[in-house]
Amino acid sequence: MTTDFQERARRLRNALEPVAAGVYFAPEAHAAYEELGFAGSPVTHEGAARPDLTAYFTSRGACLGQVPEVVVAAFGCFNPKVVVPAVEAGWQIAGREAVLAAREKGATAMLARVLGDQPDGLDRVTELLRRGAAAARWEAHPIYGGLRSLGFPGNPIGDLWRAADLLREHRGDSHVITWAVGGVDAVEILLLTEQWWGLPARAYAPTRGWAAADMDAGFERLEKRGLMTGNKKLTDAGRAFREEIEVRTDELERSVLDALGDDLDELLSHLDPWSEAVVAANSYPKRIAGIYNIGGGPHFGSGLTIDTAAEQYENKA
């Protein structure tokens, strides 16, 4: 059972996700990267086009500078053997300023298409998001810090998106802190998460670049700790451990929630329908059980979304 605080933290997480992360699926973003010389979207699944991985890693990591290994460290759960060459290739295609400009162009164009140039409540929502982002803790939050270094675009839709992205990435940074301190590695957190989400074993971890041997070793380590059974299923202890990671992630967002206070409900009254509109416009994958595909979901590399992965993988687990 979640507490009221945890429920509020996760409602904010869910409402922010499509507004902030629609940039990874919006046709406007894919087109902006293609103009720079990146490949286009490799596959469309249920209407949402997933990103070219080179464009994804390079554009999302551009706020951190042009050091591939820093992107690996910040992104957390991706295989470095996938990330480093992708980012190195990306910086051969276009420079940082051009990539950042294309990312902003794609995100704002998508939101303007879906919501209009001046959706009702825009100024107030941006005000509240910026209040939350200003209250967020800086320490050990590299992507959040990188985004802060960029400032705000200076136009209404752009400022909305940047504020939403700041809060989205702040929670993402908090999540990496929590599982790393909790004593699991990148493969292990993925294996725990896929079943905690309700996916079968191996439905999600491969999309982050991990091979069968990596997952086999990860399952073995988790079994030794009592978090997985011998047939690669979550134990009760494993489920509790993964939920505790989420609880502690929520706690690292307390300064944000405290800053929003009673205004959170007003904020969500706008963000919830806006996020639904982004999903309906095929600029973010569909959700399952009211939880968006947090952190990108299993669509990278496989064309899957959480609500279809179980069906496709049920005979392959």
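Structure first, text after, so check above.
Remember, predicted model here, so these are calculated numbers, not experimental data.

Definitions and limits used
Residues numbered from 1 in each chain as written. Predicted model: local features only at pLDDT ≥ 70, side-chain atom pairs only at ≥ 80, totals over all residues. Heavy atoms only, no water. Helix = DSSP H or I, 4+ residues; strand = E, 2+ residues; numbered from the N terminus. Buried < 20%, exposed > 50% of the residue type's maximum accessible area, 1.4 Å probe, protein only. Contact = heavy atoms within 4.5 Å. Phe/Tyr/Trp six-rings, centres within 6.5 Å; stacked < 30°, edge-to-face > 60°. Lys, Arg positive; Asp, Glu negative; His and termini not counted. Salt bridge = Lys/Arg side-chain N within 4 Å of Asp/Glu carboxyl O. Polar contact = N/O pair within 3.5 Å; in protein donor to acceptor, adjacent residues only side chain to side chain. Expected span 1.5 Å × (residues − 1). Axes fitted to C-alpha atoms, helices over the stretch in contact; angles between N-to-C directions. Parallel < 35°, antiparallel > 145°, perpendicular 65-115°, else oblique. Core = buried A, V, L, I, M, F, W, Y, C linked by side-chain atoms within 4.5 Å.

Engineer: An account of the overall build of the protein chain is needed here, citing residue identities and associated values.
Structural biologist: Helix and strand counts for the protein chain come out as 15 helices and two strands. Split into buried and exposed, the 317 residues of the protein chain put 54% on the buried side. Across the protein chain, contacts joining residues at least 24 apart in sequence account for 73% of those joining residues at least 6 apart.

Engineer: I'd like to hear about the packing of aromatic side chains, residue by residue, with values.
Structural biologist: This structure, assessed with the given rule, holds 11 aromatic pairs. Here Tyr-33 and Phe-38 contribute two aromatic rings whose centre-to-centre distance is 6.2 Å and whose plane-to-plane angle is 70°, an arrangement assigned as edge-to-face. As far as burial versus exposure is concerned, Tyr-33 and Phe-38 are alike and both buried. A centroid spacing of 5.0 Å and a plane angle of 85° characterise the contact between Phe-57 and Phe-78, whose relative ring orientation is edge-to-face. Placement of the pair is Phe-57 in helix H3 (residues 53-61) and Phe-78 in the loop between helix H4 (68-75) and helix H5 (80-93), with a sequence separation of 21 residues.

Engineer: So what's going on with the side chain of Arg-8? Residues and values would help.
Structural biologist: Within the secondary structure, Arg-8 is located in helix H1 (residues 4-21). Asp-265 provides the closest opposite charge to the buried, unpaired Arg-8, separated from it by 4.2 Å. From its side chain, Arg-8 meets the backbone oxygen of Gly-261 in a polar contact 2.7 Å long. Apart from residues no more than four positions distant in its own chain, Arg-8 is found in contact with Leu-257, Gly-261, Leu-264 and Asp-265.

Engineer: How would you explain helix H9 (residues 156-181) if you had to name every residue and give the values?
Structural biologist: Counted at 1.5 Å a residue, the expected span for H9 with its 26 residues is 38 Å, and the 38 Å between its end C-alpha atoms agrees. With respect to burial, H9 is a largely interior element, 21 of its 26 residues being buried. Gly-183 sits one or two residues past H9 and shows a positive phi near 100°.

Engineer: Describe the packing of H3 against H5, and please don't skip the residues or the numbers.
Structural biologist: Two elements in contact, H3 and H5, have axes whose closest approach is 8 Å; the angle formed by their N-to-C orientations is 80°. When the axis of H3 is compared with that of H5, the two are roughly perpendicular. For the pair H3 and H5, the contacting residues are Thr-54, Phe-57 and Thr-58 in the first and Val-82, Val-83, Ala-86, Val-87, Ala-89, Gly-90, Trp-91 and Ile-93 in the second.

Engineer: Can you tell me about the side chain of Arg-103, naming the residues and giving the values?
Structural biologist: With respect to the helices and strands, the residue Arg-103 is situated in helix H6 (residues 96-115). Residues in contact with Arg-103, not counting those within four places in the same chain, are Val-23, Tyr-24, Tyr-33, Ser-59, Arg-60, Leu-147, Trp-161 and Asp-165.

Engineer: Describe the pattern of salt bridges, listing the residues and the values that go with them.
Structural biologist: Following the criterion strictly, the structure yields 26 salt bridges and no others. We note a salt bridge from Arg-171 to Asp-250, for which the minimum N-O separation is 2.6 Å. One end of the pair, Arg-171, is in helix H9; the other, Asp-250, is in helix H12 (residues 236-251), and 79 residues separate them in sequence. One continuous salt-bridge network, built from bridges that share partners, spans Arg-10, Arg-13, Arg-171, Arg-242, Glu-243, Glu-246 and Asp-250.

Engineer: I'd love a proper account of the nonpolar core, names of residues and values included.
Structural biologist: Of all hydrophobic cores here, the largest spans 91 residues; its most connected members are Leu-12, Leu-129, Leu-267 and Leu-271. When residues of this core are assigned to their parent elements, the largest contribution, nine residues, is made by H9. Ignoring sequence-local partners within four residues, the contact set of Leu-12 consists of Val-256, Leu-257, Leu-260, Leu-264, Leu-267, Leu-268 and Leu-271.

Engineer: Which residues make up the environment of Glu-253, and what are the values?
Structural biologist: Within the element layout of this structure, Glu-253 appears in the loop between H12 and helix H13 (254-260). Classification of Glu-253 by relative accessible area gives buried; the value is 5%. In this structure the C-alpha to C-alpha distance between Glu-253 and Arg-13, which are 240 residues apart in sequence, comes to 10.0 Å.

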